[in-house]
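# Notes for the structure review
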Amino acid sequence: MFSFATVPVKFVGLFVLYLWCTAWSTYEMTRPQSGRQRVSNGLHLVMAVVMLFMVAGPTWMTLTRIIPMWVLAGFFAISVLWFAWLAVRAFVAAQRSSGWHFLGHATMFAAMAWHVAAMAVMRPLKMAAQAGQSGSGGMNPMMAAQQPGGVLWWLAVVGVPLMAYLLVASVHALRQALAPAAPVASASACCGGTCTCGADCTCGLPHPVLDPVGTTTDGPLALATAVRVGTAPSCHEVRPVGSPKFRMAALSDFAMNFGMFWMSTGIMVPLLPFFALLSF
């Protein structure tokens, strides 16, 4: 949690990012969707709301008085299993793009579970430090836990791959938001089975949405964003690349991933001290 008085840029930036995530996730819940999509979008909405509550101290303290942090961490850990299950189903069905899509969401929710768990560990250490208690070597418990081998140091080590994913996902989502629109096929080509016009196509046949270079997105890069390809399962409705809704969804992906990365930099300070420079 943060305050405008101490870190005004981070406070306002995170508030704007998470407010947009919450607004877009709410919109996603209003779209026609399957039961699995509704569960997935519901989980995204819950995470967006929790992150929004995290920004300011009063809202976060109010939330955690109602729902303990370890309960929240457990909820997000269970959410990881949900998306991992969807990923396995997709890979077994040879829907690799969908598999990477769901695996990306599983990783994002794992980062959220890690973040909340780290905050739960830090809270009693901060309270002990504020109470003037001393730990190993005369250091307060918070400082002792940040030393190599301490619990906060190990939490930072665990966070390295998660933070790397969040940063890569943020960059890729921003690229998706700025990507040129996919070419629109003619009606004759569409009805001939080669349509690439996405959801705007009226021929009624399955029509894949192409990525900016004209081929369906697949492989590890697809892990870093919400890829929407044809009728393959995903969390969202199919949207043509470059359409306004596609760009807004990509901006929401960016806001969620980058916001979580930026918010989590403080947890990484015991391992990477220069991350403290990102709080201003």
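Before reading on, note that the structure itself is shown above.
Now for a description of the structure that goes with this document. None of these values were measured; they are calculated from a predicted model.

What follows deals with the overall build of the protein chain. Counting its regular elements, the protein chain contains nine helices and zero strands. In sequence order, the protein chain lays out its α and β elements as α-α-α-α-α-α-α-α-α. Expressed as a percentage of the 280 residues in the protein chain, the buried residues total 49%. Surface exposure of the protein chain reaches about 12,800 Å², of which carbon and sulfur atoms provide 73%.

Look at helix α1 (residues 8-29): 32 Å from first C-alpha to last across 22 residues, which is about the 32 Å you get at 1.5 Å a residue. Within α1, burial applies to Lys 10, Phe 11, Gly 13, Leu 14, Leu 17, Tyr 18, Cys 21, Thr 22, Trp 24, Ser 25 and Glu 28. Each element contacted by the buried residues of α1 is listed here: α2 (35-55) and α9 (244-268).

For the structure shown, the criterion picks out 15 aromatic pairs. With centroids separated by 4.9 Å and ring planes inclined at 85°, the aromatic side chains of Trp 153 and Trp 154 adopt a geometry described as edge-to-face. What makes Trp 154 partly exposed here is its relative accessible area of 47%. Aromatic ring contacts, followed pair by pair, group Phe 254, Phe 258, Phe 261, Trp 262, Phe 274, Phe 275 and Phe 280 into a single cluster.

With that settled, the discussion passes to the nonpolar core. Core analysis: the largest hydrophobic core is formed by 65 residues, its most contacted members being Met 47, Phe 76, Met 112 and Met 260. In terms of residue count, the dominant contributor to this core is helix α5 (residues 96-130) (16 residues).

Further remarks concern the packing of α2 against α5. Between α2 and α5, whose axes approach to 12 Å, the crossing angle comes to 35°. You can see that α2 and α5 cross each other, and the crossing is left-handed. Contacts from Leu 43, His 44, Met 47, Val 50, Met 51 and Met 54 in α2 reach His 105, Met 108, Phe 109, Met 112, His 115, Val 116 and Met 119 in α5. Across the contact of α2 with α5, the residue classes tally to ten nonpolar, three polar and no charged.

Among the surface-exposed residues, Phe 4, Val 12, Phe 15, Val 16 and Leu 19 lie close enough to one another that they form a single nonpolar patch of about 450 Å² accessible area. Among the secondary structure elements, Val 16 is positioned in helix α1.

Reading the values: the criteria
- Residues numbered from 1 in each chain as written.
- Predicted model: local features only at pLDDT ≥ 70, side-chain atom pairs only at ≥ 80, totals over all residues.
- Heavy atoms only, no water.
- Helix = DSSP H or I, 4+ residues; strand = E, 2+ residues; numbered from the N terminus.
- Buried < 20%, exposed > 50% of the residue type's maximum accessible area, 1.4 Å probe, protein only.
- Areas by Shrake-Rupley, 256 points an atom, 1.4 Å probe, with all protein chains shown as cover.
- Expected span 1.5 Å × (residues − 1).
- Contact = heavy atoms within 4.5 Å.
- Phe/Tyr/Trp six-rings, centres within 6.5 Å; stacked < 30°, edge-to-face > 60°.
- Core = buried A, V, L, I, M, F, W, Y, C linked by side-chain atoms within 4.5 Å.
- Axes fitted to C-alpha atoms, helices over the stretch in contact; angles between N-to-C directions.
- Left-handed = near helix turned anticlockwise from the far one by under 90°.
- Nonpolar A, V, L, I, M, F, W, Y, C, P; charged D, E, K, R; others polar.
- Patch = residues over 30% accessible without salt bridge, like charges linked within 9 Å, V, L, I, M, F, W, Y side chains within 5 Å.
- Salt bridge = Lys/Arg side-chain N within 4 Å of Asp/Glu carboxyl O.

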